[in-house]
Every structure is written in C-alpha cells, then in structure tokens.
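Chain by chain, the residues:
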Amino acid sequence: MSEEKARLDLPLPPGYAALAAFNRDEFRGMARRREQPYAFAREMNALFVTAAEFFQAARHYPIVFSRDGRTGGFVPVIVTGLEERRNLFVDDDGRWKPERYVPAYARRWPFFSVQIREEPDRSLVCVDPAGLEPGEPAFIDANGKPTAAWQDAERLINDMEGARRQSMAMMEQLARLELLEPFEAHGVERSGGSLRLSNMHRVSEAKLNRLADKQIKALMTKGMLSRIYAHLMSLENFQQLLDLRIARKTNEAEN
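To keep things clear, this report deals only with the structure shown in the data block. The structure displayed is predicted, hence computed values, not measured ones.

1. Focus: helix α6 (residues 224–234)
Thought 1: Of all 11 residues that make up α6, eight are buried, and the element is covered over most of its length.
Thought 2: Among all positions in α6, only Met224, Leu225, Arg227, Ile228, Ala230, His231, Leu232 and Ser234 are buried.
Thought 3: Buried residues belonging to α6 abut α1 (54–57), β5 (63–67), α3 (148–176), β11 (194–203), α4 (205–209) and α5 (213–221).

2. Points about the side chain of Arg248
Thought 1: Among the secondary structure elements, Arg248 is positioned in helix α7 (residues 238–254).
Thought 2: Classification of Arg248 as buried rests on a relative accessible area of 19%.
Thought 3: Dropping the residues within four chain positions of it, Arg248 is found in contact with Arg86, Asn87, Leu88, Val90 and Asp91.

3. Things to note about the environment of Gln173
Thought 1: Looking at where Gln173 falls in the secondary structure, it is placed in helix α3.
Thought 2: Gln173 sits in the buried class, given a relative accessible area of 9%.
Thought 3: Placed 51 residues apart in sequence, Gln173 and Met224 show a C-alpha to C-alpha distance of 9.1 Å.
Thought 4: Those residues in contact with Gln173, other than ones at most four positions away along the chain, are Leu219, Lys222 and Met224.

4. Observations regarding α3
Since the α-helix advances by 3.6 residues per turn, residues separated by three or four positions end up pointing in the same direction.
Thought 1: If you check α3, its first and last C-alpha atoms are 42 Å apart, about what 29 residues at 1.5 Å a residue would give, namely 42 Å.
Thought 2: Sitting at the head of α3, Thr147 places a side-chain oxygen 3.3 Å from the backbone nitrogen of Ala149.

5. Quick look at the packing of aromatic side chains
Thought 1: Taken as a whole and assessed by the stated rule, the structure comprises 14 aromatic pairs.
Thought 2: A ring pair is formed by Tyr16 and Tyr105, whose centres lie 6.1 Å apart and whose planes are at 75°; its orientation type is edge-to-face. On the criterion of sequence distance, the pair formed by Tyr16 in the loop between β1 (3–7) and β2 (20–21) and Tyr105 in helix α2 (residues 104–108) is long-range, its members being 89 residues apart. In terms of burial, Tyr16 and Tyr105 fall into one category: buried.
Thought 3: Grouping aromatic residues by their ring pairs yields a cluster made of Tyr16, Phe40, Phe48, Tyr105, Trp109 and Phe112.

6. Notes on the nonpolar core
Thought 1: Trp96, Tyr105, Leu174, Val203, Leu208 and Phe238 are the most contacted members of the largest nonpolar core, which has 62 residues in total.
Thought 2: Not counting the four nearest positions on each side in its chain, Leu208 is found in contact with Leu179, Val203, Ile216, Leu219, Leu225, Ile228, Tyr229 and Leu232.

7. Some details on the environment of Thr80
Thought 1: Residue position: Thr80 is located in the loop between β6 (74–79) and α2.
Thought 2: In this structure, the C-alpha to C-alpha distance between Thr80 and Lys97, residues 17 residues apart in sequence, is 11 Å.
Thought 3: Dropping the residues within four chain positions of it, Thr80 is found in contact with Met44, Asn45, Ala46, Leu47, Tyr61, Arg86, Asn87, Leu88, Phe89 and Leu241.
Thought 4: Within polar-contact distance, the side chain of Thr80 engages the backbone nitrogen of Ala46 at 3.4 Å.

The rules behind these values
Residues numbered from 1 in each chain as written. Predicted model: local features only at pLDDT ≥ 70, side-chain atom pairs only at ≥ 80, totals over all residues. Heavy atoms only, no water. Buried < 20%, exposed > 50% of the residue type's maximum accessible area, 1.4 Å probe, protein only. Helix = DSSP H or I, 4+ residues; strand = E, 2+ residues; numbered from the N terminus. Contact = heavy atoms within 4.5 Å. Expected span 1.5 Å × (residues − 1). Polar contact = N/O pair within 3.5 Å; in protein donor to acceptor, adjacent residues only side chain to side chain. Phe/Tyr/Trp six-rings, centres within 6.5 Å; stacked < 30°, edge-to-face > 60°. Core = buried A, V, L, I, M, F, W, Y, C linked by side-chain atoms within 4.5 Å.

None of this, on its own, says anything about what the molecule does.
Dropping the structure here:
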C-alpha cells in the first residue's frame, strides 16, 4: 500500500508572481485579467482566510492554522488540496468550482496590501502586473482618475486589511491560551493508497473545555468562540477534499 505525504505549502504572498506599487499613471487603462481569473491559485493547496470569513468558508473547506513564515505566529487558512501544488477547487481553465465560497484572498488578486515597516498603521497597495490587461472596466481611466471598478477593489482591499488585523488578534489570543495543537489529516483511497497532509494546527477541544469561565466569556464577548466552533466543525470537510480528489483522478484517467 502506497502513501503520499504532503505538507501545507504557503509561499508569501501565495500565488503572486511579482508585486509593484499600484501607480495610477503607470496602470491607467488597465483592467483585471479576464481569462483564467483564478489560475494564480491553481497550485496552492491552502489560501489565507480571515476570521470574518469563517462561517462562510466552513461550509466548504477545512479551516486550519499554519505557521507564518515571516513572523513565526499562526495564520488561519482554508485547505484546498491534499497534495502539494494542487488546488481541487480551480479547474484547468482557471475558474473556481461553482457554488463554492471564493475566499476574499482570491477575489482581491491581483492586488495586495503591504505594511510599511516604518509606519505599522499604514499600508501600500501593490499589484501583480500579471493580473492586469488593457480593457474595461479599467481601474484608472485615461485621465488618471479612479473609476467605480477601482472603488470596489479598494473597498475589498481595505475590508481585508481590517479583517486581517481582527484575525491577528484572534490568533494571538489562541496562542496566549495555548489552545493550538499540531495534527495531520489522513485519507485512504479506494485503490488502497493513502494520503497524509501535515504542517497544520487546530484548536484542542480538551484544552478549550478546560478554560475558566471568565476566559470562555472573554472569547464569546470578542466573537471568537463561535469562530472556534466553526473551525472545529469545518474539519469534517477533509472527507469532501478526498472525494473531490478521487473524482478528479477518475476524470483525468477517463480523458
């Protein structure tokens, strides 16, 4: 019996080929690339997700916690594949699987908000040039003025930045309470092979149940407790990932 072993891979920032400051003069007349809109995430078996998205994301993906390569702290992510470099929710045409929640991280691409080191409260909007092409609706018009398309994109960027800070506060609290524990996901295929995905952490139910009443109340007051339970319930979605992988392998074999 064979076993395929993979680790959760999280390059930073995942999926981006390059980053450039979003300069209105340089990128005037440019619109979001229409062809293969989510192809950048095709080889990502995990994507960042904010705490604000937990309830929607938990319906379709396992939500786990992984180490941030820059800070050493934890970040919440959705698991999108059981193998390295394979996202089961993005097809060969770069489209996201229908009727599945598309995380804000994917919807925000090709833009990315970079914190300014000297001014932690400020951030710089950057863009992956590969995600832009001349066309409509352009983000910046011929006169160098922002359009309605840019206002929508900027709103999502700002919302994600606020949600990122909220997520950081939640992760710091979970770490402070020592609630996180490492775990691996295992799956067995009908062919007899098995898979093992590592480099993940989850909330320990045993440790959660041992918290003092005042600690539980604090988590509840801050809106964290409900998100913890959403995370725990989402772990059942690993079976969906295995089913999707089997269906994809079957389809590839037939074609």
